[in-house]
Each structure stands twice: as C-alpha cells, then as structure tokens.
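Working through the structure, step by step
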Amino acid sequence: MHVVVCIKQVPDSAQIRVHPVTNTIMRQGVPAIVNPYDLFALEEALRLKDRLGGKVTLLCMGPPQAEDALRKCLSFGADDAVLVTDRAFAGADTLATSYALSCAIRAIGRSLPVDLVFTGKQTIDGDTAQVGPGIAKRLGLQLLTYVSRIADVDPAGRSIRVERRAEGGVQVLQTTLPALVTMLENTNEMRFASLEDMVESARRPVHKWNKDAAGIDDPAKIGLKGSPTVVSKVFGPPPRAERCELETADEASVNDAALAVVAKVFARAPLLERDLAARALA
Amino acid sequence: MSEDTAPKRPAGRAGRNTELPEHLKSFKGVWVFVEHDRGRAHTVSWELIGEGRKLADSLGVPLAGVLLGGPGEPLDAFAADAFAYGADHCYVVRDPVLAGYRNDPFTRVLTGLVQRYQPEIVLLGATTMGRDLAGSVATTLQTGLTADCTELKIDGATRALAATRPTFGGSLLCTIMTLAVRPQMATVRPRVMRMPARDDARRGEIVDVSSRLAEDDVVTKLLDFIPDAATDAINLAYADVIVAGGKGLRHAENFRLVRELARVLGGEVGATRPVAQAGWVEAERQVGQTGKTVRPRLYIAAGISGAVQHRVGMEGADVIVAINSDPNAPIFGFAHYGIVGDALRVLPALTEAFRDHLAQRARRAA
C-alpha cells in the first residue's frame, strides 16, 4: 500500500488576535501547527501501514518553513515527505491548490503508484473542505469524504469499504482503489512520537519541490492566476445598530437585574413567553 | 486569449483577468441544489431558495431548484415545496442510479445540467452532501466556489455574486467574487439564512431531464445506511431556546447552572469552542463557525466573550441575552440585553426569575 497524506501548516487559530483598530490579523507570535484535522488522516494512514505494510508519503504545499510541520508528521512514523514550495503558488485559492497538489501526487506516483490519498476533513484556517474533493476529481480518484471509520481495505481485491458521515446517519460505501479519503475528526487517537523518533525525523530529508519538480504542466492554473475567486474586501464584523441594554449585577442587585432582563425579553417576544409558559405547564 | 483586442479594463493583480468573457455572458439564472435523503428534504434547501429568490430578483432572472433522485423518491413533492418557497421552476432528474447520494453520479449529472442550461449562480447547503458535491462540481467546471457564506449579495458594478464568509478562523469577514468564470458557486450552512415564508398557491414548472446513467459505470456502491440512534440526536440547530456557556464559567461542574436554566426554559445547552474542546460538553453542542449555526428565538450566553468565530454561529437569534463580568466584552456589542456580573451568581438568579415568571404566566393562562 502506498498512501499519500496531504497536510497543511496553519496558524493556531485559537491564538489569532485581530487588531481592534485596523482590523488586521496580528500574526506575531502566533504558533504554526499541523492542521489538527490532518492528524486524524495521518493516524489512519499509519494504521493501514501497520496492518498491511507499505509506505506513507507526506505531501504539503506551503512556504519553506512548512518543513517543520512535515518533520513533526515524520516523527509519528511516516516514511517520506514532499514540500511543494514555490513563490508561483502564492495566492492560490482552493481550485489552484487542488491543481498543484494533484500534479505533485501524480509526480509522487511515478516512482511508486499511489493507492490511497488521505486528507483531513478541512483546515482550521480556510475551513472550506474543498481541496480534498478537488484533488480527487482532478486525479479521477473515487471520493470518500467525512469518513468516520475505515471498515476494510483489500489491497489484492483493490477495494475499500468505509462509513461516511451523512445527515442523520452514516452511509456504508464500497469502492475501488485508488481512492481519496477525507477523515472526520475524533475518529482515532494520534500515537505518540518517542524522543528517538523526533531526533531521527530531524535528520531525514524533506524533498523540496518547486513548480517544475512538482510536475506543473500548466502554469496558468497555479497561484493567483489560477484562482477564479477574488477577495474583494476583508473587514471586521459590523456593530449592531441597536445598543445592548445593560444591567449591573452585584450581590445586592443580582435579583433585580435578572427580573428586569426577564421582563424585557418577554416584552420583546410575547409569543415566546406564551409558548414557554405552555411548555412549563405541560 | 488574444492580446490584440480593444483596450480592456485593467486586469486584476498579477495579470489576472477579472473581466467576464463574452461567451460566458449568456449564463443566466440562479440555481439551488435541493438536498434530500431518505424521503426528507433538508431545510437548508428552503433557506437557500429564500436567499436565491432575493438574488434572482436583484438580477431580474428566474430561480430554479435542482432535484436529483431515484424514481421512487417524492421529487415532485419536493419541487412543489421549492415553488411554495419561491422557485420559478425545477430541473428534475429521476434515475435509479441517483437513489441515495453518491459523489460520482451526482457530480456528473449536476455538471451536465450546468453545462446544458448555463446558470450564473449555483447554491448548495454546506452539509456533508453539499460540500462533497460542490467541491467536485466546481473543480470539474473549473470555476470558483466560496464555502460557508454568511451573506450573499449582487455586486452592483459587476453583477457578480458577492459572497461573504468568515476567514482566519472566524476573526474577520471577507467578501469573495468569481469575476471571469461562470457559474459562480457558493455553499451556505444550515440556519445561516432565514427560512422564507411559504406560499402554497405559488406554482412553478417542472423540467424533467433524462440522465442516461448506467449503474455499471458507477464504481462506488452504497451498501447500507445506519441511522443515528434517536437519543444521540442533539438538535441544536433547530432549538428555539439555547443557553450556552463559555470558559467564563471556570470549571466543568459549573456547567450545571447552564443546564438548569436550559431545563427551565425547555431549551438546549450550547457551548463555545474552548468549552467543547475541553470536553465539558459533547462536541455536537459547539456553536460557532466550526460548530453549529443556530437561529433560536432566545439565546442566552453565559461567560462567553463573543469572539467572531462564536458570533457568526448565533447572531441570527431573535433575542440575545449576555452575561459577562467584563463590561467591555465584545458580546455586549451585539447582544440585546446584557447583565454585567459573575455568571456563577447571575445564572441562578436568572433561572429563578424565568421559573417564577413562566409559572405565573402559566397559572394566568390556565
């Protein structure tokens, strides 16, 4: 089995702050992490390797410092790592990103054919969940998104059976390899990397590919030029026209404040008051 | 592309063409993919029909629903619903291969419909089905797709779809347009848009389209569907009262105060991302950009600062009450009523006040 796991280095969005006056992102000091959703994909790929043997290749597109994310993932037990990095990729939207990654996966497959591609369900910075489906379409892979469980992989029979999260239940899907799987979160628990693993991964090579090495055959399809979407405006959320009516609740005034708010809520929403009272009675 | 034509408007950054080519100007109309599964349409479809109606009116073009499904599925009834909510016509494709969602046949059929009928805008719900399908169709058509939009408008200058969505983990909003390619595609999460009013007298035209799919051409097989146990279903998105807690409650055990108020109001319990990640409540209770979008009649936020990523998930609530010890917390910038104080002290008082008020009101009604 040859499994390619796509990962992304992202800013830890829990720690992003917006400048209150200029509405710009304050990046200073925000740590870069492996997109947390991708770790579920990586762990699943490593489990397949544990069970069936084979190779796990990591693939990442990003600036040169994304090498750190790849090394982190190497320390968990991946075999090889490719960083697709080139200024020409800058400004890529999801369409241009999926094109670049699909070219790189094709290039990876030239030395050893790829059976499965794994991605996380989405990234925490873009949150689009569009790149996985995009890669699958471009490479003609069977697409399995939001997978909650890999029930069976049969390398000889070239088939895979999974459970896929849908509204109100899970679909059980069976398809043929090669396929692309986007893993749902909390479907497995990432293994620990030992100190030796971490030291060892620091010595392993991370292949850095520019656009030519990544096998980009149409430069018009990458970066800003290859991106049909245009960001026309970035802005902070607008304040509400109506001002919030504030009560102050210290030890003495807490009950009055509560009564005042209850009265105001129901004065504004009399139908809600009627319905909740009926529910309280029942 | 020829370089020798008459002077154009300045190209976009990095030589990017932002002008709509002549041959794409014939793309007209707004489409909504009507999502359904196992006999039920997803209400996000009607929310999108309501939003699509406004876009179509602003462009002066028709609004169409798109329904794909098996011959045994009630597609005509879904089309009637789409008309009642505002669609002018529905493209309906009935094929045994389309019974139960699978990416490949749905992608092929929707892509084919777009190529044949050439809509300028295609909207889908940001569900596991809609996101799966939208990404595949947009890639096949090589067009722009904007995920999880919170606002859709027509840009006056370009007649393009201006799709606004949270960015950078929900710290800011950005407006995205697809200028030089058609169709323009966008997904919207359930409950982000208001449910439109229903008019059962409204009629529309059903356009039946044949698909000529063969099951043998579809590699992926749907073997089974395992429904979630009813007890697992936390219906936060459609709850009419939500009491939510944040890290301001300090300890997991203090969450009982939130549960108690929710119980008195017959509502659901919600939480912020840090609280859900800390495991104080089930992940399904997370409200916000990476959790659920909710639109209750009453939302009570206790110990929640009101970060944008939380705000985009709940600001559609009819009435928002916020409790926070910091008078400058962002949540007071968009709540209707606020109580400045310690949530651990305020919650029991508020629970008591609601309980007494509702009991009195119920006695009067009885």
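Parameters and conventions
Residues numbered from 1 in each chain as written. Chains lettered and ligands numbered in written order. Predicted model: local features only at pLDDT ≥ 70, side-chain atom pairs only at ≥ 80, totals over all residues. Helix = DSSP H or I, 4+ residues; strand = E, 2+ residues; numbered from the N terminus. Buried ≥ 20, exposed ≤ 12 C-beta atoms within 10 Å, placed from the backbone. Contact = placed C-beta atoms within 7 Å. Axes fitted to C-alpha atoms, helices over the stretch in contact; angles between N-to-C directions. Parallel < 35°, antiparallel > 145°, perpendicular 65-115°, else oblique. Left-handed = near helix turned anticlockwise from the far one by under 90°. Nonpolar A, V, L, I, M, F, W, Y, C, P; charged D, E, K, R; others polar. Expected span 1.5 Å × (residues − 1). Pairing = 2+ DSSP bridges. Core = buried A, V, L, I, M, F, W, Y, C linked by C-beta atoms within 7 Å.

Structural notes on the overall build of chain B
Along chain B, the regular secondary structure elements total eight helices and 18 strands. For chain B, the spread of C-alpha atoms along the three principal axes comes to 70 × 55 × 40 Å. Sorting the 366 residues of chain B into buried and exposed places 54% on the buried side. Across chain B, every contact between residues at least 6 apart in sequence was considered, and the portion connecting residues at least 24 apart equals 66%.

Observations regarding the packing of helix 3 (residues 103–117) of chain B against helix 4 (residues 128–141) of chain B
Residues and elements named next belong to chain B. One way to put it is that helix 3 packs onto helix 4 with a least axis distance of 9 Å and a crossing angle of 50 degrees. Compared by their axis directions, helix 3 and helix 4 come out oblique. Considering the relative orientation of helix 3 and helix 4, their crossing is right-handed. Seen from helix 3, the contacting residues are Asn-103, Phe-106, Thr-107, Leu-110, Thr-111 and Val-114; seen from helix 4, they are Asp-132, Leu-133, Ser-136, Val-137, Thr-140 and Leu-141. Taken together, the residues that form the contact of helix 3 with helix 4 break down as six nonpolar, five polar and one charged.

Quick notes on helix 3 of chain B
Relative to the 21 Å expected for 15 residues at 1.5 Å per residue, helix 3 of chain B spans 21 Å between its end C-alpha atoms, a close match to the ideal helical length. Looking at helix 3 of chain B, one finds that the buried residues are Asn-103, Pro-105, Phe-106, Thr-107, Val-109, Leu-110, Leu-113 and Val-114 of chain B. Structurally, helix 3 of chain B contributes buried residues whose contacts are with strand 9 (142–154) of chain A together with strand 1 (30–33), strand 4 (63–69), strand 5 (89–94), strand 6 (121–125) and helix 4 of chain B. Gln-118 of chain B sits one or two positions beyond helix 3 of chain B and adopts a positive phi of about 55 degrees.

Digging into the sheet that holds strand 5 of chain B
Residues and elements named next belong to chain B. One open sheet holds the seven strands; their spatial order is 7-11-6-1-4-5-12, and the pairing between them is parallel. At either margin of the open sheet sits one strand with a lone partner, and together these are strand 7 (145–146) and strand 12 (205–208). Across two bridges, the pairing between strand 7 and strand 11 (residues 184–188) is parallel. Looking across to strand 11, one finds that Leu-145 is bridged to Met-185.

Details of the nonpolar core
In terms of nonpolar packing, the biggest core is built from 137 residues, with Val-5, Leu-58, Ala-100 and Ala-104 of chain A together with Val-66 of chain B touching the most fellow members. If one sorts the elements of this core by residue count, helix 3 (residues 94–111) of chain A sits on top with nine residues. Beyond its immediate chain neighbours, meaning those up to four positions away, Leu-58 of chain A contacts Val-5, Ile-7, Leu-70, Cys-73, Leu-74, Ala-78, Asp-80, Ala-81 and Val-82 of chain A.

Observations concerning the sheet that holds strand 16 (residues 298–302) of chain B
Judged by pairing direction, the sheet is parallel, and its six strands sit side by side in the order 15(A)-18(B)-17(B)-16(B)-14(B)-15(B) without closing on themselves. In the strand order of this sheet, the two ends are held by strand 15 (245–248) of chain A together with strand 15 (268–271) of chain B, each with one partner. Averaged over neighbouring strand pairs, the angle between their axes works out to 20 degrees when direction is ignored. When strand 14 (residues 241–245) of chain B meets strand 16 of chain B, the two strands line up parallel, connected through five bridges. Bridging from a neighbouring strand, Ala-244 of chain B pairs with Ala-301 of chain B of strand 16 of chain B.

A few points about the interface of chain A and chain B
Each partner contributes residues to the interface: chain A has 76 residues there, and chain B has 86 residues. Of all the elements, helix 6 (residues 254–268) of chain A adds the most residues to the side of chain A that touches chain B, at eleven residues. Its residues assigned to classes, the side of chain A that touches chain B comprises 38 nonpolar, 21 polar and 17 charged. As defined by bridge partners, strand 15 of chain A adjoins strand 18 (residues 337–340) of chain B across four bridges and the pair is classed as parallel. When the bridges of strand 18 of chain B are listed, Leu-246 of chain A appears paired with Gly-338 of chain B.

Overview of unusual backbone geometry
In this structure, the amide linkage connecting Leu-177 of chain A to the following residue, Pro-178 of chain A, adopts the cis form with an omega of 0 degrees. Secondary-structure assignment places Pro-178 of chain A in the loop between strand 11 (169–176) and strand 12 (179–183). Geometrically, the link from Arg-182 of chain B to Pro-183 of chain B is a cis peptide bond, its omega value of 0 degrees lying close to zero. You can see Pro-183 of chain B is positioned in the loop between strand 10 (172–178) and strand 11. Positioned with a positive phi, Asp-127 of chain A is a non-glycine residue whose angle comes to about 60 degrees. Take Asp-127 of chain A: it is sitting in the loop between strand 8 (116–120) and helix 4 (131–139). Given 23 C-beta atoms within 10 Å, Asp-127 of chain A falls into the buried group. Backbone geometry at Arg-250 of chain B places phi at a positive 70 degrees, although glycine is not the residue there.

A short note on the environment of Asp-155 of chain B
Residues and elements named next belong to chain B. With respect to the element layout, Asp-155 can be found in the loop between strand 8 (151–154) and strand 9 (161–167). Classification of Asp-155 by C-beta neighbours within 10 Å gives partly exposed; the count is 14. The spacing of Asp-155 and Leu-59 is 96 residues in sequence and 10.0 Å in space, taken between C-alpha atoms.

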